[in-house]
Every structure is written in C-alpha cells, then in structure tokens.
Amino acid sequence: MAPVATPFFFYLFAAIMVIGGVMVITRKNPVHSALALIVALLAQASIYLMLYAPFVAGVQIILYAGGIMVLFLFVIMLVSIDRSIRERQFNSQWVVGLIAATALGGLLIAVYTKGTNIFPEHALSVVENDNTQQVATMLYGQYMFPFEIASLLLLVAIIGAVVMAKKRI
Amino acid sequence: MRAIIQYIQSYLGSDQTPGAAGNMFWALVYIMVVFAGLSVAVIAMNWLERKILAHMQVRLGPMRVGPHGLLQPIADAIKLLLKEDIMPSEADGFVFWMAPFIVVLAAFTVFVVVPFGPTHAITDMNIGILFMLGVSSLSVLGIVMAGWASNSHYPLIGALRSSAQMVSYEVAMGLAVVSAILMTSLNAEGTGTLSMIGIVQAQQAQGEWFIFKFFPLGLIAFFIFAVAMVAETNRAPFDLAEAESELTAGFHTEYSGFRWSLFFLAEYSAMIAVSSIAVTLWLGGWLRPFPNFLSGATWDRAFSLFPGVVFLLFAAMCFYNAVRMPKHPLFRIQTIGLAGFGVVLGLIGLVLFVPAVSLRVQDIFWFSAKIAGFMYLYIWYRGTFPRYRFDQLMQMGWKVLLPLGLGVLILTATVALLQQRIWHP
C-alpha cells in the first residue's frame, strides 16, 4: 500500500493553512476570521496525520476545532458585529512588527539552511498503528511529572476564572 | 482489464476492512452502500417517527400518500426539492450557503469508522472513537454558522443555545466514553484501544458487554452517555435550539427547500451516529445477545435465524394490512402495492435463511437492530418528556452528569486496578 503522505498533500495543506492564517488577520468581520482560523486548524490536523500522529490530529480536531473555536464564535456572536466592523483593525506599530517579522524570518531561514546540522536525522521509529499507546506510555510513564504539573496549571486557571467571574461563591 | 478484476477479487478472501486492506474499489463500494443505507434509514425514520408519535398521541398520522402513509417521506422529499430556495437579503451569503454542508459533512463522515461487523466497516482507525467524537463535534460549527448568518433573532438565539448546550454536554459525554475505553485495557497486555473494532473485540474477549461490566459502573456510564447523546443531537427533551414554541424553528428558521432538508438529513444521521457509538461502546456492537449465557453451536444456529424471521414478520404485517385494506376500487393500487412490498420483504427474509448469507449478514443485522432500539427511544422521549428549561439543562449537564461521570471514571479505574493487581495478579 502506497503511503498517502506524498509531498503533494503537504503542499496542499500547508497552502490551505497559510491562506487561512492570512484570512484570519485580513477579514473585516470577526466571524469570518474565526471561520478562517478553523480552516487553518483543520489543515494543521491533516499535517499531524501526515506525520503519522493520528492521536494528536484527533485531539486537535476535538479541542481546537470542536471546542475552543465554538467558544470563540459564541463570544463573537454576542458582540455587536456592526460596531466591531467599524473598529480599526490594524495596529500601526510598524517598527515592532518589522523587528518581529525579520527575527522570525531569519530564524526560519537559518533552520532551513543549517537544519541538517542542528537536528539529528531521525527516521520514523514508531508504527502508526500504536501511536495512541505510545503517547499514553510517554505521558503516564516517562513524562508523568510534567504532565501533572500542566494539569495543575489548567486547574489553577479554571479556579481563577471562576473566582474572577463570580463575586459571591 | 485482468489486472483490475484481480484487484477487485484480491479483497474477497481477506478478513480485514477494505480500508485496512488498502483496497480502493471495495472501500468505494462500502462507502456507497453505507451512504445508501443511511439515506434509506433516514427516510424510514421520518415515516416511523410521525407514525409512532401519532399513535402515542392517539392519532393516525400520515394515512393519505400510499398505504398507511408509507410514501409520505418520498412525497415530502419531492416537495422540499421543488420548493423555492430563499436566502434572506441581509444574510451573510457565503456562511449561509456553507452551513448546511458542514453539518451534513460532519454527520456523514463519522460513518467511515462505524463497525457494522468485524469486517463490515469502511475502515478501522487507531483513533476510531476519537475521530467519531471529533468530527461529530464539528457539526455544532455548522449550526452556529447557520444561526449567525441568517441575520435574524430567532436563529441567533437558537444557535447560541445549541452551542452552549453541545459544549457543556460534550464534557460529560467524553468522561463516560473514557470510562468505557478504560475497560478495554483489562487484558493480559494491559493496553486498551480506541479503535471501534478493537473495542467490540475487547468485549468479545472479556465475554461481557461493557454495560454490565463492574455493575453498576458500566450502566451508569451508559446512562450518562445516553442522556448526553440526546442533548448532543438537539432532540427532545433537549431541543431548546429549535424549540418551536419559543423560537419558531431555531437555527434553521430562515432555511427552506433543499438546504432545510440537508439539516434534516444531518440531524437524523447524527442520531444514528451517536447511537452507533453507544452500541459499540456498551452494547457489544455487532455481537448477538447473550454471547456468554447462551453459547454453543445450537444457540448460534438459533440466533442466526433471527434476521430472516424478523423480515418474515414484516412481510406478514404487510399482508395482514393488505387484507384489511378497504375493498374499494380506489384502494386497489394501494392494496397491490402493499402486498408487493410484503412479497419483497418476504423474499429478503427467505434469502437471509441461507446459512452462507446469514453468517455474513447477521453482524450487520444485530448492529442495526440495536441502533433501531435507540431510534425508538428517541421517538419515545419526544412523545413523553416535556422540554427542559435552559437553566435546568445547564444544571443537569454541569451539576449532575459531570460529577457523576468523574466519579464513575475514578471508581472504574480503581476497580480495574484492584482486579488486575489483587484478584487476578
């Protein structure tokens, strides 16, 4: 069975992602921006699939496209669209933007040209078929402590949100 | 030419799904069969829902088009296709146009991993259940888009309600699903699986449906899922998103004709999809009832007669009603049609008695029969329960189902650990 992960699909999804990302910042209407962001996130999930990480792709769809973006849309829909369309969309901080863009661009170019020396060449060692099991053994075995710390951080965030939202508990 | 035939034939002997075997041709055939079956099921559900609801309310329901209104769904479909497709002038055109397609895509794509039998699935993914939950959660995006793009008050309120409701119940649903997946890891290797076929095979290997596992923990998890799935599909008594007495039709108020029918199609196929998750996780998927108590060759033989008997019963019902038809020249065509339908059903039933056929088909039969039970439950709920108020809905989701789900998950994990470490070390 020929692998599906051909360069064609990589360029396709990468293009969808880039176009989606550009649309997020150029659309006047915030709802359109959110929809473009969903398209970009779904394309990202496909790229995870191409990297033989189906579990990460599934989680990406459930959490980002299905969960977080719905909440985004929920909040945006409550805001008056007419007023937010008339608001100024771009911040004219050209200097900061230029510095950030050149820094990121330089980093990417550096990685692209010298990447082979920095990163060890790593052949795919895990089979796709037990990707989920691999992730599980990693998270609950080797990286148990960082994983629990991350969960604790999220718990603190939840409690903080409740405390801020509710005056009287 | 010969190469093509060989490619088609090469799959026939294998015991894998076409997706796993990598056979494009049979995968396409399966996709078409599933799609056609799903469309027929939606049409049948449309008729059954109206009939059963009517009988629950001591009415007759559709009686005019065809015998006992059997052709009513087809008449409805033709009406919907011929209707003018209206878009509100202030609507957001592109989003309005996209919304029904997203809902339909999300509702139909999940059937890629639904296991109708050990080999009767389009494909089997390592992340099967995750894929089903993820893709079906995308349908809420379509609903929100539809409600917002209509640029009208009722749809917007409907969309807001529906998104809040679906996001809240997804949490309880996920917890229930996790506690069932945890049960799949109770084997010698100690690793579970997310694949839909693997989950059913785990129940087969343990000789127990997960609804009865660690009684009553499996039952409670199933109950949580059964409540959450009704809320996820926006059906009564959780149909606040389209509460007709408050919001005319909720998020699809402004839709008409073909696009409205897409929403309808998506709603019913989403109902079938979540029921198939419940069947796979807790009710043993394609396994026949009582695999452990009534085991042995004789019982296998007896249960394999079931599909044929059911179809013969349907045929008998058709003949009975054909005889009871009014003896009037105007009803002649209807009577002949009903008797012909009975003959077709009877022939299908007879074919199902052939051992080679029933061996291949009984998985599909049991899976569909279990789903049909859920479909009847949906109609029953709609006929009996009054609609929840929104605060009651939220209270139910966050204060009852979520703590219950967390408790069941922790208890299941504890009992499973005890079982593996202490009772059977």
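The shown structure was predicted, so the numbers you read here are calculated from the model rather than taken from an experiment. (Residues numbered from 1 in each chain as written. Chains lettered and ligands numbered in written order. Predicted model: local features only at pLDDT ≥ 70, side-chain atom pairs only at ≥ 80, totals over all residues. Heavy atoms only, no water.)

## Details of the pattern of salt bridges
Between side chains of opposite charge, a pair can form when the charged atoms approach closely.
Residues and elements named next belong to chain B.
And then number 1: A complete count under the given rule lists eight salt bridges over all chains for this structure.
And then number 2: Ionic pairing is found between lysine 213 and glutamate 208, a salt bridge with its closest N-O pair at 3.8 Å.
And then number 3: Taking the shortest distance from any N to any O, the salt bridge between arginine 387 and aspartate 239 comes out at 2.8 Å. Of this pair, arginine 387 sits in the loop between α16 (355-384) and α17 (390-423) while aspartate 239 sits in the loop between α10 (217-232) and α11 (244-247), placing them 148 residues apart in sequence.
And then number 4: Residue class for aspartate 239 comes out buried when judged on its relative accessible area of 10%.
And then number 5: Because the salt bridges share partners, they merge into one network encompassing Glu49, Arg235, Glu267 and Arg382. (Salt bridge = Lys/Arg side-chain N within 4 Å of Asp/Glu carboxyl O. Helix = DSSP H or I, 4+ residues; strand = E, 2+ residues; numbered from the N terminus. Buried < 20%, exposed > 50% of the residue type's maximum accessible area, 1.4 Å probe, protein only.)

## Notes on the packing of aromatic side chains
Residue and element names in this part refer to chain B.
And then number 1: Tallied over the full model, the rule gives 27 aromatic pairs over all chains.
And then number 2: Measuring from centroid to centroid gives 4.6 Å for phenylalanine 264 and tyrosine 268, while their planes differ by 45°, and the two rings are tilted. Of this pair, phenylalanine 264 and tyrosine 268 are both found in helix α12 (residues 257-282), four residues apart, which corresponds to roughly one turn of the helix.
And then number 3: Classification of phenylalanine 264 as partly exposed rests on a relative accessible area of 21%.
And then number 4: For tyrosine 268, a relative accessible area of 5% translates into the label buried.
And then number 5: Ring-pair connections join several aromatic residues into one group, and the members of that group are Trp299, Phe303, Phe306, Phe365 and Trp366.
And then number 6: The ring of phenylalanine 214 carries the charged tip of lysine 213 above its face, separated from the ring centre by 5.6 Å. (Phe/Tyr/Trp six-rings, centres within 6.5 Å; stacked < 30°, edge-to-face > 60°. Lys NZ or Arg CZ within 6 Å of the ring centre and 35° of its normal.)

## Considering the confidence of the model for chain B
Detailed reading of the predicted coordinates is not advisable wherever pLDDT is low.
And then number 1: When the pLDDT values of chain B are averaged, the result is 85; 99% of them are 70 or greater.
And then number 2: At the level of chain-chain contacts, confidence expressed as ipTM amounts to 0.79, with global pTM at 0.86. (pLDDT = per-residue confidence, 0-100.)

## Quick word on the domain arrangement of chain A
And then number 1: Looking at the assigned domains, one finds that chain A contains domain 1 (1-83) and domain 2 (129-169).
And then number 2: On a C-alpha basis, the centroid separation for the pair domain 1 of chain A and domain 2 of chain A is 23 Å. (Domains from an automatic or database assignment.)

## Notes on the side chain of glutamate 49 of chain B
All names here are of chain B.
And then number 1: The topology assignment puts glutamate 49 in helix α3 (residues 24-56).
And then number 2: Glutamate 49 gets classed as buried once you look at its relative accessible area, which sits at 3%.
And then number 3: In this structure the side chain of glutamate 49 is engaged in a polar contact, spanning 2.6 Å, whose partner is the side chain of arginine 235.
And then number 4: Aside from chain neighbours lying at most four places away, what touches glutamate 49 is Arg235, Tyr268, Ile379 and Arg382. (Polar contact = N/O pair within 3.5 Å; in protein donor to acceptor, adjacent residues only side chain to side chain. Contact = heavy atoms within 4.5 Å.)

## Observations regarding unusual backbone geometry
With the exception of glycine, the majority of residues adopt a negative phi angle, and the majority of peptide bonds are in the trans configuration.
All names here are of chain B.
And then number 1: A cis amide bond links phenylalanine 215 to the next residue, proline 216, at an omega of 0°.
And then number 2: Considering the arrangement of structural elements, one finds proline 216 in the loop between α9 (196-206) and α10.
And then number 3: Here the phi dihedral of asparagine 151 falls at roughly 55°; this positive angle occurs in a residue that is not glycine.
And then number 4: Within the secondary structure, asparagine 151 is located in the loop between α7 (139-149) and α8 (153-183).

## Comments concerning helix α2 (residues 30-50) of chain A
And then number 1: Between its terminal C-alpha atoms α2 of chain A stretches 30 Å, which fits the 30 Å expected from 21 residues at 1.5 Å a residue.
And then number 2: Positioned one or two residues after α2 of chain A, tyrosine 52 of chain A has a phi angle of 60°, which is positive. (Expected span 1.5 Å × (residues − 1).)

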